[in-house]
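Fold and contact review
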Amino acid sequence: MGFDGITARATYYDLESRLLGARVDKIHMPSPEEVLLHMRSLGKPCCLLLNINTANCRVQITENKAENPKTPLNFCMVLRKYIGGGRLVDIRTRPYDRVFIFDFETTTEMGDKVIRSLAAEIMGKHSNIVLVSEGGTCIDAIKHVDSSVNTYREILPMRKYEMAPEQNKLNPEEMDVSKITLDGTTALRNVLINTFMGISPLMADEIAFRAELDPKATTLSEDELNRLDGVLRALSKQLVDKSFTPCMIRGETTSRVVVEYSAITLTQYGDKVQNTTDLRSAVDAYYKDKDIRDRLGSVRGGCARQVRQAIARCNNKIKIQETAISQAADMDLLKLNGDLITSSMYLIKGGESEVMLPNYYGAFGEDGMPEMVKVKLDPQMSPQKNAQNYYKKYNKAKRTMATASQQLANSEAELEYLEQTLYMLDQCESMNDVLTIREELVEEGYIRNKRKVPAKKNPKQANAPQLVTFMGYEILVGRNSLANNYLTLHLASSNDMWFHAKNMPGSHVVVRKQQGEIPDEVMIKAAEIAAYYSKGSDSGKVSVDYTKIKYVKKAKSGRPGMVNYDNYYTVVVTPQLVSEPRS
């Protein structure tokens, strides 16, 4: 959702109760857009985070740790000079506004006590952090804004600091339906956002959901207005009473990462909502997972780009090899022409560009005579040389056919491996999964490793499959090519059952054999899991092949996870999981 006005208000109350009177111990800047004030209040340490990155801007107390640069940034040194060791005496903000001003009591070089302020302006791409003197003059800021950027409000050293102008919206603590006007063209969502402070698009959708309304509606009936009024008044009372109900929303993937957070319970998400005791833990969890998602997306995107380039090269090779095979397909005709010249050399006088020769190697006509075949000749060559020339072309075409056929088989196996790897990259849910595939691509020569190659991990740990239990049976799932390879060719026993989506990239799934036959319910469930972890997971039905491990062999291509199998059966199932896999 991002840091909206309601979240800012809840954060203000939290900061006021936790930080007033706290003293600044250390100041760090892990990045050019992030300030960490390590403070101590009543003997307890806490960390105030100010972040003005457009995608992550916020103010909060955090427990997440960040790595600091070896050389402090200039603005960090300025903060250490002017507010280091200072005591926080006041926190100022307009209700439901996202500008926080922290007043610190510090001591000058002459020993005089002064108040210096740190303004954190959380305003999307216009966010900024400004250090202000007691007289209201800007000492420094992370972003310098001159008149060419903003004629109304410059932010430069030695200039008067002016707060960002108010938004001229209504206080959400006084919400009711009489305050809004639906004009028949503007959607309800936008009306709520434009009328009341602190209402984000997500909160506007939540209000509409609670009132059982369409957030895109431009007009409402009297009954709908009454429902909306009830929801607005209830939310206003909740804000007045400061009875915030922070929550976080977990995604649907197996890793269950936090994809949203809010200071007010988001009922629109149903059972995905997880309530928390305090807002800061939800915010911490969200941005911790977001940081992982962002880094994961960056590394995964780089790997996927390399794999797609390799797939394009592979497809080009396949086209060239198919063309070479097509051109060599007439090699038998070349040999036949050489044989015809050799067998009927007495009919060739020399100097001809073509000649009709009897084909003793083909079908004979009704008169018992062989069919006559036109054979082209080089008039500059003797009949013997022409025959030798045809045999040379035949031998060359034969070698081309053999080489190109083998290369084509290798290219098709490589393409299958690359498509499998690309699918596995798309399914990665943790940085460890992505790095495992990256290491695999480095070993296969698709990525040049510019970093120092780490020591080899224990394959039992690095490629451990995920485990699902069903009716007391262990169902193992490989989540990348190396894990598939380890599971199928090393970990599984010969009588375990093996499952894989038919003719498409996907995970190897193995059911551990126990006493007696594996129940049909377990077999079907394993097939459903194999379908779920395949490229056809979004399809209504997927064909899944299954057989015993002893009938699964490593493919001749030697690529990780590539196998051949026989003695198999096929079942058509709907992709689904039994429960969340666990490692």
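To keep things clear, this report deals only with the structure shown in the data block. In this convention, every chain numbers its residues from 1, walking through the sequence in written order. This being a predicted model, a pLDDT of at least 70 is required before a residue's local features are given, and a value of 80 or more before pairs of side-chain atoms are given or counted; all residues contribute to the totals for chains, interfaces and linings. Only hydrogens and water are removed before side-chain values are computed, so all heavy atoms of the structure are retained for them.

**Brief notes about the overall build of the protein**
Counting its regular elements, the protein contains 12 helices and 22 strands. Radius of gyration: C-alpha atoms only; globule rule: 2.2 Å multiplied by the number of residues to the exponent 0.38. By the compact-globule yardstick of 25 Å for 583 residues, the protein is too spread out, its C-alpha radius of gyration being 36 Å. Whether two residues touch is decided by their heavy atoms; if any such pair falls within 4.5 Å, the residues are in contact. Within the protein, counting contacts between residues at least 6 apart in sequence, those at least 24 apart form 60% of the total. Residue exposure ignores everything except the shown protein chains as possible cover, and the areas themselves are Shrake-Rupley values with a 1.4 Å probe. Within the structure as shown, the protein displays about 30,400 Å² of accessible surface, and the carbon and sulfur contribution to it stands at 49%. We score Asp and Glu as negative and Lys and Arg as positive, and we do not count His or the chain ends. Think of each charge as sitting on NZ of Lys, CZ of Arg, CG of Asp or CD of Glu. Distance between charge centroids for the protein: 7 Å, based on 77 positive and 73 negative side chains. Every helix listed is a DSSP run of H or I at least four residues long, and every strand listed is a run of E at least two residues long, numbered separately from the N terminus.

**Describing the side chain of Ser507**
Mapped onto the elements of the fold, Ser507 is located in the loop between strand E17 (497-501) and strand E18 (509-511). The buried label applies to any residue whose accessible area, calculated with a 1.4 Å probe on protein chains only, is under 20% of its type's maximum; exposed applies above 50%, and partly exposed to all values in between. A relative accessible area of 1% places Ser507 in the buried class. A distance of 2.6 Å separates a polar atom in the side chain of Ser507 from the backbone oxygen of Gly478. Residue contacts for Ser507: discarding those within four places in its chain leaves Met424, Val477, Gly478, Arg479, Asn484, Phe499, His500 and Tyr533. Two N or O atoms form a polar contact when they lie within 3.5 Å of each other; inside protein one atom must be a possible hydrogen donor and the other a possible acceptor, and for residues adjacent in sequence the pair counts only when both atoms belong to side chains.

**What to know about the packing of helix H7 (residues 331-343) against helix H8 (residues 383-427)**
H8 packs onto H7 with a crossing angle of 160° between their chain directions and a minimal axis gap of 8 Å. Overall, the two elements H7 and H8 adopt an arrangement that is roughly antiparallel. Crossing hand, H7 versus H8: left-handed. Contacts between H7 and H8 involve Met331, Asp332, Leu334, Lys335, Asn337, Gly338, Asp339, Ile341 and Thr342 from the first element and Pro383, Asn386, Ala387, Tyr390, Tyr391, Lys393, Tyr394, Ala397, Lys398 and Met401 from the second. Residues were grouped as follows: Ala, Val, Leu, Ile, Met, Phe, Trp, Tyr, Cys and Pro as nonpolar; Asp, Glu, Lys and Arg as charged; and all remaining residues, including Gly, as polar. Classifying every residue of the contact of H7 with H8 by side-chain character gives 10 nonpolar, 4 polar and 5 charged. What counts as an axis is a line fitted to C-alpha atoms, over the stretch in contact for a helix, and the angles between N-to-C directions run from 0 to 180 degrees. An angle below 35 degrees is read as roughly parallel, one above 145 as roughly antiparallel, one from 65 to 115 as roughly perpendicular, and any other as oblique. With the far helix as reference, a near helix turned anticlockwise by less than a right angle produces a left-handed crossing, and one turned clockwise produces a right-handed crossing.

**Side note on the sheet that holds strand E11 (residues 258-262)**
At least two bridges found by DSSP between two strands is the condition for calling them paired. With antiparallel pairing, 3 strands are arranged side by side in an open sheet as E11-E10-E12. Lying at the two open borders of the sheet, with one neighbouring strand each, are E11 and strand E12 (273-275). The mean angle between the axes of side-by-side strands here comes to 25°, regardless of whether they run parallel or antiparallel. As paired elements, strand E10 (residues 247-250) and E12 share 3 bridges and run antiparallel to each other. Each bridged residue has a counterpart across the sheet, and for Ile249 the counterpart in E12 is Val273. Contacting E10 and E11, helix H6 (residues 279-327) crosses the sheet at an angle of about 150° to E11.

**Some points on the packing of aromatic side chains**
The geometry of an aromatic ring pair is captured by two quantities: the separation of the ring centres and the angle between the planes. Centres within 6.5 Å make a pair out of two Phe, Tyr or Trp rings, where for Trp the six-membered ring is used; the pair is then stacked when the planes are under 30 degrees apart, edge-to-face when over 60, and tilted otherwise. Throughout the structure, instances matching the rule amount to 13 aromatic pairs. Judged by centre distance (5.0 Å) and plane angle (55°), the rings of Tyr261 and Tyr286 are tilted. On the criterion of sequence distance, the pair formed by Tyr261 in strand E11 and Tyr286 in helix H6 is long-range, its members being 25 residues apart. Taking relative accessible area as the criterion, Tyr261 reaches 0% and is therefore assigned buried. Members of the aromatic cluster, joined through ring pairs, are Phe3, Phe100 and Phe102. Two thresholds decide whether a charge sits over a ring: the Lys NZ or Arg CZ must be within 6 Å of the ring centre and within 35 degrees of the ring normal. Over the aromatic face of Tyr96 sits the side chain of Arg9, whose NZ or CZ is 5.7 Å from the ring centroid.

**Here's the deal with unusual backbone geometry**
Its identity as a non-glycine residue notwithstanding, Glu212 has a phi of 60°, on the positive side. Relative to the helices and strands, Glu212 is located in the loop between helix H4 (201-210) and helix H5 (222-240). Residue Glu212 is classed as exposed on the basis of its relative accessible area, which comes to 63%. Despite not being glycine, Asn503 has its phi angle at roughly 55°, a positive value. Along the chain, Asn503 falls in the loop between E17 and E18.

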